[in-house]
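# Breakdown of the fold
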Amino acid sequence: MTPFKIHRNTFAKVNLNNLRHNVQAFMSVSDGQFFCPMIKSNAYGHGVREVMSVLNDLKVKDVGVALVEEALQIRALGFNDVNVLIFGAIKPQAFEVIIENHLTPVITNWSELTSFAQLKINSYPVHIKFNTGMNRFGFSVEDAEKVKQFIEDQSTLQLRGVCSHFYDGENIAELNQSTQQQMLRFEKVLQHFEGCTAHIYNSSSFLNKTRFIKEPFSMGSRLGLAIYGSYPNSDYKTQNYIGLKPVMSLHSEVIEYQKVPVGEVVSYSGNWQAQRPSVIGVVPIGYTDGYGREFSNKGQMIFRGTFVPVVGKICMDYTMVDLTDVLGDQVGNIGEEIVLFGKQGDLFFGVEEFAEQVGKIPYEVLTTIGRRVPRNYIREK
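Every chain is numbered on its own, with residues counted from 1 as its sequence reads. Local features in a predicted model are, by the rule used here, given only for residues with pLDDT of at least 70; side-chain atom pairs are given and counted only at 80 or more, and totals for whole chains, interfaces and linings are based on all residues. Only hydrogens and water are set aside; all other atoms, that is, all heavy atoms of the structure, feed into the side-chain values.

Glancing now at the overall build of the chain. For the chain, the count of helices and strands is twelve helices and 18 strands. Based on the C-alpha atoms only, the size of the chain along its principal axes is roughly 80 × 55 × 45 Å. Note on classification: 1.4 Å probe, protein chains only; a residue is buried when its accessible area is under 20% of the maximum for its type, exposed when over 50%, partly exposed between these limits. When burial is assessed residue by residue, the chain has 52% of its 381 residues classed as buried. In the chain, 65% of the contacts between residues at least 6 apart in sequence involve partners at least 24 apart. For the accessible areas, the method is Shrake-Rupley and the probe is 1.4 Å, while residue cover comes only from the protein chains on display. Of the roughly 18,000 Å² that the chain leaves accessible, carbon and sulfur atoms contribute 48%. Here the positive residues are Lys and Arg and the negative ones are Asp and Glu; neither His nor the chain ends is included. Note that the charge is assigned to NZ on lysines, CZ on arginines, CG on aspartates and CD on glutamates. Mean positive and mean negative side-chain charge positions of the chain (37 and 39 charges, respectively) differ by 3 Å. Counting from the N terminus, the helices are DSSP H or I runs at least four residues long and the strands are E runs at least two residues long. Note on contacts: a residue pair qualifies if any of its non-hydrogen atoms lie within 4.5 Å across the two residues.

In this section: helix H6 (residues 110-117). Every buried residue of H6 is accounted for by Glu112, Leu113, Phe116 and Ala117. With its buried residues spanning 120 degrees around the axis, H6 presents them on a single face. Buried positions along H6 lie against helix H5 (95-100), strand E4 (104-107), strand E5 (124-131), strand E6 (139-140), helix H7 (144-152) and strand E7 (157-163). The arc in question is the one spanned by the directions pointing from the helix axis to the C-beta atoms.

Here we take up the packing of aromatic side chains. Centres within 6.5 Å are what make two rings of Phe, Tyr or Trp a pair, Trp counting through its six-membered ring; a difference in plane orientation under 30 degrees is then read as stacked, over 60 as edge-to-face, and the rest as tilted. Tallied over the full model, the rule gives 18 aromatic pairs. Taken together through their ring pairs, the aromatic side chains of Tyr291, Phe295, Phe307, Phe341, Phe349 and Phe354 make up a single cluster. Of note, Lys146 hangs over the ring of Trp110, and the distance from its end group to the ring centre comes to 5.1 Å. Remark: a charge is flagged as sitting over a ring if the NZ atom of Lys or the CZ atom of Arg is within 6 Å of the ring centre and within 35 degrees of the ring normal. Just above the ring of Phe217 sits the side chain of Lys209; from NZ or CZ to the centre is 4.3 Å.

Within the element layout of this structure, Arg276 appears in the loop between strand E11 (256-260) and strand E12 (278-283). Classification of Arg276 by relative accessible area gives partly exposed; the value is 33%. It is 52 Å that separates the C-alpha atoms of Arg276 and Glu174, two residues lying 102 residues apart in sequence. Excluding residues that lie within four positions of it along the chain, Arg276 makes contacts with Val260, Pro261, Val262, Asp322, Thr324 and Asp325. Within the structure, Arg276 has its side chain in polar contact with the side chain of Asp325 (distance 2.9 Å). Definition of a polar contact: a pair of N or O atoms within 3.5 Å, with one able to donate and the other able to accept a hydrogen when the atoms are protein atoms, and with sequence-neighbouring residues admitted only if both atoms are side-chain atoms.

Here the focus is the pairing of strand E16 (residues 336-344). Each regular strand carries side chains that alternate between the two faces of the sheet. The element E16 is extensively covered by neighbouring structure, given that seven of its nine residues are classed as buried. Strand pairing requires that DSSP identify at least two bridges connecting the strands. When strand E10 (residues 248-254) meets E16, the two strands line up antiparallel, connected through five bridges. From the neighbouring strand, Leu250 faces E16, where its bridge partner is Phe341. In this sheet, E16 lies alongside strand E13 (residues 300-303) in antiparallel orientation, the contact comprising two bridges.

Let's shift gears to the nonpolar core. Put simply, buried Ala, Val, Leu, Ile, Met, Phe, Trp, Tyr and Cys residues joined by side-chain atoms within 4.5 Å make one nonpolar core. By size, the foremost hydrophobic cluster in this structure holds 111 residues, and its most contacted members are Phe26, Ile39 and Ile74. Among all residues touching Ile74, those that are not within four sequence positions of it are Ile39, Val48, Met52, Val63, Val65, Phe79, Val82 and Val84. Counting nine residues, the second largest nonpolar core, distinct from the first, contains Val260, Trp272, Cys315 and Met320.

All right, on to the pattern of salt bridges then. Salt bridge, as applied in this entry: a Lys or Arg side-chain nitrogen positioned within 4 Å of an Asp or Glu carboxyl oxygen. The final tally for this structure, using the stated rule, is nine salt bridges. With a shortest N-O distance of 2.6 Å, Asp317 and Arg372 are connected by a salt bridge. In this pair, Asp317 is assigned in the loop between strand E14 (306-311) and strand E15 (319-322) and Arg372 in the loop between helix H12 (362-367) and strand E18 (375-378), connecting sequence segments 55 residues apart. Taking relative accessible area as the criterion, Asp317 reaches 26% and is therefore assigned partly exposed. We classify Arg372 as partly exposed; its relative accessible area is 43%.

We now examine helix H4 (residues 68-76). Burial in H4 covers these residues: Val68, Glu70, Ala71, Ile74 and Arg75. With its buried residues spanning 165 degrees around the axis, H4 presents them on a single face. Exposed side of H4, more than 90 degrees from the buried face: Glu69 and Ala76 are the residues found there.

The next subject is the packing of H6 against H7. Axis geometry follows a simple rule: fit a line to the C-alpha atoms, using only the stretch in contact for helices, then measure angles between N-to-C directions, giving values from 0 to 180 degrees. The interhelical angle for the contact between H6 and H7, taken along N-to-C directions, is 10 degrees, at an axis separation of 11 Å. When the axis of H6 is compared with that of H7, the two are roughly parallel. Taken together, the residues of H7 that come into contact with H6 (itself represented by Trp110, Leu113, Thr114 and Ala117) are Lys146, Val147, Phe150 and Ile151. For this scheme, ten residues count as nonpolar: Ala, Val, Leu, Ile, Met, Phe, Trp, Tyr, Cys and Pro. Four count as charged, namely Asp, Glu, Lys and Arg, and the remainder, Gly too, count as polar. Its residues assigned to classes, the contact of H6 with H7 shows six nonpolar, one polar and one charged. We call two directions roughly parallel when the angle between them is under 35 degrees, roughly antiparallel when it is over 145, roughly perpendicular when it lies between 65 and 115, and oblique otherwise.

Another aspect to go through is unusual backbone geometry. Residues other than glycine seldom take positive phi values, yet His102 does so here, at roughly 55 degrees. Within the secondary structure, His102 is located in the loop between H5 and E4. Taking the relative accessible area as the measure of exposure, His102 reaches 59% and is therefore exposed. A positive phi is found at Asn135, a non-glycine position, where the angle reads about 60 degrees. Along the chain, the position of Asn135 falls in the loop between E5 and E6.

Glancing now at the packing of helix H1 (residues 16-29) against helix H3 (residues 48-57). Running from amino to carboxyl end, H1 crosses H3 at an angle of 45 degrees, the nearest separation of the two axes being 10 Å. Our classification of the angle between H1 and H3 gives oblique. Note that H1 runs across H3; the crossing there is right-handed. On H3, the residues that touch Leu16, Leu19, Arg20 and Val23 of H1 are Glu50, Val51, Val54, Leu55 and Asp57. Looking at side-chain class alone, the contact of H1 with H3 contains six nonpolar, no polar and three charged residues. For any pair of crossing helices, the crossing counts as left-handed if the nearer helix is rotated counterclockwise from the farther one by less than a right angle, and right-handed if it is rotated clockwise.

Okay, structure coming up:
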């Protein structure tokens with residue numbers, strides 16, 4: 001018996017072949033330095049199990065998360081050989097769980113450092129983070145020697161790495177700008193930790209260093225958005241100097257057509273009114289799926305290879321689009337594909353441009369696509 005398909009055809013397509021390509025490209029460019037893909041927030045919405053499988057196949061040694069819970073999920077999935085670095089705040093009650101599961105804390109303050117050092121452990125690996133200007137987490141630069149001495153005086157801790165965080169990596173090639181100033185502060189820290197692994201590059205700083213500064217990498221990187229084939233904004237795409245391939249695209253379908261006369265309104269509050277006889281398509285995706293109300297009367301999707309505008313307010317489960325320019329006074333077929341971002345025919349609409357429609361950034365888009373939107377995975381055959 002042929003199974004009857006009853007669910008909506010709204011899904012995110014995740015191309016793991018492209019993920020593999022991107023990770024290999026970055027590993028090649030990073031000159032053998034510490035390389036730590038970030039897989040927090042369910043691997044930026046792509047699915048931690050599937051992303052970890054690719055990284056495991058590529059023998060990536062280190063990955064980063066924000067929460068202890070995220071690190072435990074990786075262990076629960078059976079990925080026990082990878083070093084999982086936890087970059088978020090760590091409460092004292094979490095340290096024993098960290099040790100039991102062989103996780104690596106990135107310690108950012110004296111409270112964490114002293115609490116961890118008091119545990120009954122021997123030479124447990126840790127990374128230390130310094131605040132060079134982000135002013136979120138990290139020891140002060142002036143405490144570098146004191147931190148070093150504290151760790152050397154303990155038999156409990158083994159320093160594996162020292163790190164910091166750029167707050168505007170886009171200006172890395174500009175002299176006397178924030179990133180260069182942060183780098184100088186970090187280099188001052190590293191004078192106290194000679195020979196220790198250092199990592200500071202994020203996606204924007206890594207991409208811009210590769211583009212503008214033709215020198216080998218002397219420090220490691222923690223790349224998030226870029227390994228998923230997305231850029232911090234669309235300006236980066238004018239020169240695809242790493243050759244990134246987008247990993248995710250977002251698809252749905254038209255499940256209803258309405259012929260709307262002149263003067264009639266569409267959706268809640270009636271703030272869109274037909275100025276001509278219009279054909280309106282209903283798309284089964286809404287703000288609970290991550291397609292937020294800010295796209296109301298502003299967004300656009302791809303239908304039959306043409307951009308069509310979103311009309312009326314986004315609903316919890318549905319969005320309406322004006323198909324009149326494509327269909328005239330006719331209706332289309334139930335179930336016709338519509339693309340929110342990605343490729344249809346010869347037209348490509350990247351997540352960067354998709355986000356910029358309403359002043360968002362790609363990070364927000366990818367990480368807020370709802371849990372009830374299935375991820376359909378493309379793998380190498």
